[in-house]
Amino acid sequence: MPLGDAGHGAVTVPERASFWFRRFLAFVGPGYMVAVGYMDPGNWATDLQGGAQFGYRLLSVILLANIMAVLLQALAARLGIITGKDLAQACRDWLPRGLSLPLWLTCELAIIACDLAEVIGTAVALNLLFGLSIMAGTLISVLDVFIVLLLMRRGMRALEAFVITLLGIIAVCFGVQLVAAAPPVGAVLKGFMPSSVVFTNPAMLYVAIGIIGATVMPHNLYLHSSLVKSRTYPRTDEGRKDALRWATWDSTLALTLALFINAAILIVAAAAFHGTGHQDVAEISDAWKLLSPVLGFGLASTLFAVALLAAGTNSTVTGTLAGQIVMEGFLHLHMPYWVRRLLTRGLAVLPVIAVIAIFGQGKVGDLLVFSQVVLSMQLPFAMVPLVWFVSSRKYMGRFRLSPVLVVLSWLVVLVIVALNIKLLGDALF
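Quick notes on the rules
- Residues numbered from 1 in each chain as written.
- Predicted model: local features only at pLDDT ≥ 70, side-chain atom pairs only at ≥ 80, totals over all residues.
- Heavy atoms only, no water.
- Helix = DSSP H or I, 4+ residues; strand = E, 2+ residues; numbered from the N terminus.
- Buried < 20%, exposed > 50% of the residue type's maximum accessible area, 1.4 Å probe, protein only.
- Areas by Shrake-Rupley, 256 points an atom, 1.4 Å probe, with all protein chains shown as cover.
- Core = buried A, V, L, I, M, F, W, Y, C linked by side-chain atoms within 4.5 Å.
- Contact = heavy atoms within 4.5 Å.
- Phe/Tyr/Trp six-rings, centres within 6.5 Å; stacked < 30°, edge-to-face > 60°.
- Lys NZ or Arg CZ within 6 Å of the ring centre and 35° of its normal.
- Salt bridge = Lys/Arg side-chain N within 4 Å of Asp/Glu carboxyl O.
- Axes fitted to C-alpha atoms, helices over the stretch in contact; angles between N-to-C directions.
- Parallel < 35°, antiparallel > 145°, perpendicular 65-115°, else oblique.
- Left-handed = near helix turned anticlockwise from the far one by under 90°.
- Nonpolar A, V, L, I, M, F, W, Y, C, P; charged D, E, K, R; others polar.
- Disulfide = S-S within 2.5 Å.
- Polar contact = N/O pair within 3.5 Å; in protein donor to acceptor, adjacent residues only side chain to side chain.
- Expected span 1.5 Å × (residues − 1).
- Arc of directions from axis to C-beta.

A.B. asks: Residues and numbers for the overall build of the protein chain, please.
C.D. replies: Looking only at helices and strands, one finds 20 helices and zero strands in the protein chain. Sorting the 429 residues of the protein chain into buried and exposed places 57% on the buried side. Surface summary for the protein chain: the accessible area is close to 17000 Å², and the carbon and sulfur share equals 70%.

In structure tokens form, the structure reads like this:
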């Protein structure tokens, strides 16, 4: 039985007569698993660069990107809850085979590319904390496979608790750094207000595009649409309506936490680097070296590296799960869990090992950039089918999107696709 289906480590939902908060807690989990992708190591570079170069001005862009993410993840949850199919299964069953197979291939490439960023982030964190080489850190990152295996034996709740705990560690680390950075509250609040300067300054626009373009991870849409099926609510119209409400609250609150963390990274970078002559800081390792001396807080750099390690570990776990969901959904393959997870992780780790062996670990940063280019190329192949399915009366019945939400959803897709095309063009030419 696929990972997200009720029955495989499923979470029992209290009856409708129960206290509403108990029912809500039963649905808490999938949103936080998805939120991991919105604060993975691949996002850190754009947040650091934006804060160091432009202060607090790009906070409005982070807010806009988060609002779009909330909408898209709500659509993914809607698909899974109403139809009982995750996005991969829907593509397999509802699209011609000539379309579904290429979609599967592009999705596998996206998962490998996303894993690349996560593996590299974990390796860099281990290097900063313990002095391990990037090669050693890359090999250690494979151990997440066994973490998933151990937690899955204990059920879905154990896996969700592990992820939420690491998210809490990240939030605490950046909360402490925010206090140490003591940013001016007025400037921070002003940064959340939209400004035309973002569009008139080419350098600022480029970083803004990077922030938005890196926001929606394709595998998150597949992952979320599957995980919401792990709750044992009544498969009736009323049961689905209730589940949809609580699942949407779950993902919205979880992505609010992601908004806090992404904003905190940018705010700390702005406070520490923008006005202190370090506007050129863009690399994670450079930020780590400078944080403690600039802030005058000895633990700042350590907390930064701990948060990076937690983010990398979380991202590798959820990325591995997404790989399983995609393979089962598109191909209906049921491989042993350990084989599937080792295969997914191995496909991500091998390019890192090859690049380090041939060019040295100094070229790993280029591999990270390449992974983001691959992700941007795959994004339309996940968003377009999702919006198409949830807008269709044929597939969704009375739960299809309202005309207003249809227009808004396609607008979000067009904006993100256009920005990613620009990023891709800038990267290639």
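A.B. asks: I'd like to hear about the nonpolar core, residue by residue, with values.
C.D. replies: By size, the foremost hydrophobic cluster in this structure holds 138 residues, and its most contacted members are Trp 44, Leu 58, Ile 170, Phe 174 and Phe 330. No other element matches helix α14 (residues 237-274), which puts 19 residues into this core. Setting aside anything within four residues of it in sequence, one finds Leu 58 in contact with Gly 50, Val 198, Met 204, Val 207, Ala 208, Ile 211 and Leu 266. Membership of the second largest hydrophobic core comes to six residues, among which are Ala 113, Cys 114, Met 217 and Leu 375.

A.B. asks: Kindly report on the environment of Glu 118, identifying the contributing residues and their values.
C.D. replies: Turning to its location among the elements, Glu 118 is positioned in helix α6 (residues 97-130). Between the alpha carbons of Glu 118 and Ser 315 there is a distance of 6.0 Å; along the sequence they are 197 residues apart. Those residues in contact with Glu 118 that lie beyond four places of it in its chain are Asp 40, Pro 41, His 219, Gly 312, Ser 315, Thr 316 and Gly 319.

A.B. asks: Kindly report on the packing of aromatic side chains, identifying the contributing residues and their values.
C.D. replies: Throughout the structure, instances matching the rule amount to 10 aromatic pairs. Residues Trp 94 and Tyr 395 carry aromatic rings whose centres are separated by 4.1 Å and whose planes lie at 15° to one another, so their mutual orientation is stacked. Separated by 301 residues along the polypeptide, Trp 94 in helix α5 (residues 87-94) and Tyr 395 in helix α19 (residues 393-396) bring together distant segments of the chain. With 6.3 Å between their ring centres and 75° between their planes, Phe 174 and Phe 304 make a pair best called edge-to-face. Residue Phe 174 is found in helix α9 (residues 156-181), and its partner Phe 304 is found in helix α16 (residues 300-331); the two are separated by 130 residues along the sequence. Like Phe 174, the residue Phe 304 is buried in the burial classification. The structure contains a cluster of three or more aromatic residues connected by ring pairs, namely Trp 20, Phe 21, Phe 24 and Trp 246. Here the guanidinium or amino end of Arg 245 rests over the ring plane of Trp 246, the centre of that ring lying 5.2 Å away.

A.B. asks: Run through the pattern of salt bridges, naming residues and quoting values.
C.D. replies: Overall, the coordinates contain eight salt bridges when judged by the stated rule. In this structure, Arg 92 and Asp 93 form a salt bridge, with 3.0 Å as the shortest nitrogen-oxygen distance. Classification of Arg 92 as partly exposed rests on a relative accessible area of 23%. Exposure remark for Asp 93: the relative accessible area of 37% places this residue in the partly exposed category. Ionic pairing is found between Arg 157 and Glu 160, a salt bridge with its closest N-O pair at 3.0 Å. Of this pair, Arg 157 and Glu 160 are both found in helix α9, three residues apart, which corresponds to roughly one turn of the helix. Accessibility expressed as a relative area gives 34% for Arg 157, which makes it partly exposed.

A.B. asks: How would you sum up the packing of α9 against α16? Please name residues and give values.
C.D. replies: Across the interface, α9 lies against α16 with an axial gap of 9 Å and an inter-helix angle of 155°. Judged on the interaxial angle alone, α16 and α9 are roughly antiparallel. Both α9 and α16 take part in a crossing whose hand is left-handed. Only Ala 300, Leu 303, Phe 304, Val 306, Ala 307, Ala 310, Ala 311, Thr 313, Asn 314, Val 317, Thr 318 and Leu 321 of α16 make contact with α9, whose side of the interface consists of Leu 159, Phe 162, Val 163, Leu 166, Leu 167, Ile 169, Ile 170, Cys 173, Phe 174, Val 176 and Gln 177. In the contact of α9 with α16, the residues fall into 19 nonpolar, four polar and no charged.

A.B. asks: Which residues make up the state of the cysteines, and what values go with them?
C.D. replies: On inspection of all chains with the given rule, the structure shows zero disulfides. Looking at Cys 107, it has no disulfide partner, and the nearest cysteine sulfur is the one in Cys 91, 8.6 Å off.

A.B. asks: Please provide a residue-by-residue account of unusual backbone geometry, values included.
C.D. replies: Phi at Ala 182 takes a positive value of approximately 45°, unusual for a residue other than glycine. Assignment of secondary structure puts Ala 182 in the loop between α9 and α10 (185-191).

A.B. asks: How would you summarise the side chain of Asp 86 if you had to cite specific residues and measurements?
C.D. replies: Tracing the sequence through the fold places Asp 86 in the loop between α4 (59-83) and α5. At a separation of 3.0 Å, a polar atom in the side chain of Asp 86 contacts the main-chain amide nitrogen of Ala 88. The contacts of Asp 86, once residues within four sequence positions are left out, are Leu 79, Tyr 222, Ser 225, Ser 226, Lys 229, Ile 325 and Gly 329.

A.B. asks: Any chance you could break down helix α15 (residues 284-295) for me, citing the residues and the numbers?
C.D. replies: Taking 1.5 Å of rise per residue, 12 residues should cover 16 Å, and α15 covers 16 Å from first to last C-alpha, within 8% of that figure. Within α15 the residues assigned to the buried category are Ile 284, Ala 287, Leu 291, Ser 292 and Leu 295. With its buried residues spanning 120° around the axis, α15 presents them on a single face. Exposed side of α15, more than 90 degrees from the buried face: Lys 289 and Pro 293 are the residues found there.

A.B. asks: How would you sum up the packing of helix α13 (residues 218-227) against α16? Please name residues and give values.
C.D. replies: With their axes 9 Å apart at the nearest point, α13 and α16 run at an angle of 75° to one another. Classed by the angle they form, the pair α13 and α16 counts as roughly perpendicular. Where α13 approaches α16, its residues His 219, Tyr 222, Leu 223 and Ser 226 are matched on the opposing element by Thr 318, Gly 319, Leu 321, Ala 322, Ile 325, Val 326 and Phe 330. Taken together, the residues that form the contact of α13 with α16 break down as seven nonpolar, four polar and no charged.

The values reported here are purely geometric and, on their own, carry no functional implication.
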